[in-house]
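This is what each chain is made of:
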Amino acid sequence: MADSFKPRPEDKFTFGLWTVGNRGRDPFGEAVRPTISPVDIVALLAECGAWGVNFHDNDLVPIDATASERDKIVKDFRAALKKHGLVVPMATVNLFYDPVFRDGALTSNDCRVRAYALQKTMRAMDLGAEFGAKIFVMWGGREGTESDACRRPDDAIKRLREAINSLCEYSISQKYGYKFALEAKPNEPRGAIYFPTTGAYLGFIPTLDHPEMVGVNPEVAHEQMPGLNVLHSVAQAWEAGKLFHIDLNDQETGKYDQDFRFGSVNPKAAFFLVKFLEDVGYSGPRHFDAHAYRTEDYEGVKDFARGCMRTYLILKQKAKEWNANPEIKATLKEIASCNGGPKLPEKLTSAKLADIEFDRVHLAQKKLPYERLDQLTMDVLFGVR
Ligand code: DIG
Ligand code: MN
Ligand code: MN
């Protein structure tokens, strides 16, 4: 593969242990790949050129591990990170796999389950802090319902608020310096998940005790499942100063959470997302929360991981070409021009506005060459311009 798209540490590409460690199990089929250890996953990611690795607590330390087993796992993982030069920018907690969370974790109707989930999250924060993680992602995969007879949704909201307030206090008391990134998803595994979109979380964060510590982790597939425009979700998060992390992958609209290789389904949407992240100077990790097709062996898993990063770098290059393209620049200038007046004052007060005469018919005739602009975009993406 051409070297100009080889990943470098400064690209900040990361993968979760659960992504390249995904064994290919699905609701209709057994695993097709053997388990590989976190140590071997670190080696695999280093070989592919990743900068960092993330984990849920139980991706690294099994839920029933003894204290001494935990210590050995941590020691071996730390040695692997050092040997391969990978970092751990993000940690998260698994509040969705164990049967105890079958009716939710932090929003469960059972106060003991809620308390256990809070304790498990605090321990996951401890584990992440041991490896220097400063971003803590929370995906409430089980926080939802099949029947809304089970609880009032506003009670669930109150419970989640109470939990996140406590976790912020814990991070402060432990001096962990975490920024919490809330990850939305509309459904699966629950029939309907609370806070289904990034926008829903953006409306929730200001109601917290420490809103400055909490942002979002938009996932491409989770916004695309219900047919939303993921760039608009990411841009709203960025504009609100809340884009604390991002999960990159791809997805066909209206289907189950496919977690496909980044850019492999909607390259144009992926292009505009990469262009946005690069144009605004997003400095966080580019995390690929995705996995290889069930058809793949571990060589195929490496192809998957390399493909995620390669596509990002190709689209980053395309964004530079797009921004520099003379015809695109001229078209954007034409679209932005307000020739033919009226010339609006810098400060448009309501008093000044009242005195302005608008020629509505004239305004409606302004040329908007979006077909040309979009075809120029396609030409750049197809590499013919
Ligand atoms: C699903 O997309 C979720 C889980 O994989 C994890 O909790 C989070 C981390 O990015 N994404
Ligand atoms: Mn997903
Ligand atoms: Mn995710």
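This text goes with the structure placed above it.
In this text, all values refer to a predicted model and were calculated from it rather than measured experimentally.

Novice: Would you mind going over the coordination of the manganese ion (ligand 2) in detail, with residue names and values included?
Specialist: Binding of the manganese ion (ligand 2) to the protein goes through E219 (OE), H222 (NE2), D257 (OD) and D259 (OD), at separations of 2.0 to 2.4 Å. Going along the chain, you hit the donors of the manganese ion (ligand 2) in the pattern E-x2-H-x34-D-x1-D. Separating the manganese ion (ligand 2) from the manganese ion (ligand 3) is a distance of 4.5 Å, and E219 supplies a donor atom to each of them. With relative accessibility at 11%, the residue D257 sits in the buried group. On the basis of relative accessible area, D259 is assigned to the buried category, the value being 12%.

Novice: For the coordination of the manganese ion (ligand 3), give the residues involved together with the corresponding values.
Specialist: Protein-derived ligands of the manganese ion (ligand 3) are E183 (OE), E219 (OE), D247 (OD) and D289 (OD), with the metal-ligand distances lying across 2.0 to 2.2 Å. On the basis of relative accessible area, E219 is assigned to the buried category, the value being 1%.

Novice: Let's hear about empty space enclosed by the protein: which residues, and what values?
Specialist: A full pass over the atoms with the stated rule returns three cavities of 30 Å³ or more. The computed volume of the largest cavity comes to approximately 90 Å³. Along the walls of the largest cavity sit V93, L95, L106, M138, W139, G140, E143, L160, I164, L182 and Y201, which together make up its complete lining. Secondary-structure elements contributing two or more residues to the lining of the largest cavity are β4 (135–139) and α6 (153–174). Split into classes, the residues belonging to the lining of the largest cavity amount to nine nonpolar, one polar and one charged. Taken as a whole, the second largest cavity spans an internal volume of roughly 60 Å³. Lining the second largest cavity are 13 residues; nearest its centre among them are G140, E143, I193, Y194 and Y201. Considering only residue class, the lining of the second largest cavity consists of eight nonpolar, two polar and three charged.

Reading guide: rules and limits
- Residues numbered from 1 in each chain as written.
- Chains lettered and ligands numbered in written order.
- Predicted model: local features only at pLDDT ≥ 70, side-chain atom pairs only at ≥ 80, totals over all residues.
- Heavy atoms only, no water.
- Donors = N, O, S within 2.8 Å, 3.2 Å for Na, K, Ca; no water.
- Buried < 20%, exposed > 50% of the residue type's maximum accessible area, 1.4 Å probe, protein only.
- 1 Å grid on protein atoms, 1.4 Å probe; cavity = no way out; pocket = protein on both sides within 12 Å on 5 of 7 lines; lining within 4 Å.
- Points joined across faces, edges and corners; volume = space filled by probe spheres on them.
- Helix = DSSP H or I, 4+ residues; strand = E, 2+ residues; numbered from the N terminus.
- Nonpolar A, V, L, I, M, F, W, Y, C, P; charged D, E, K, R; others polar.

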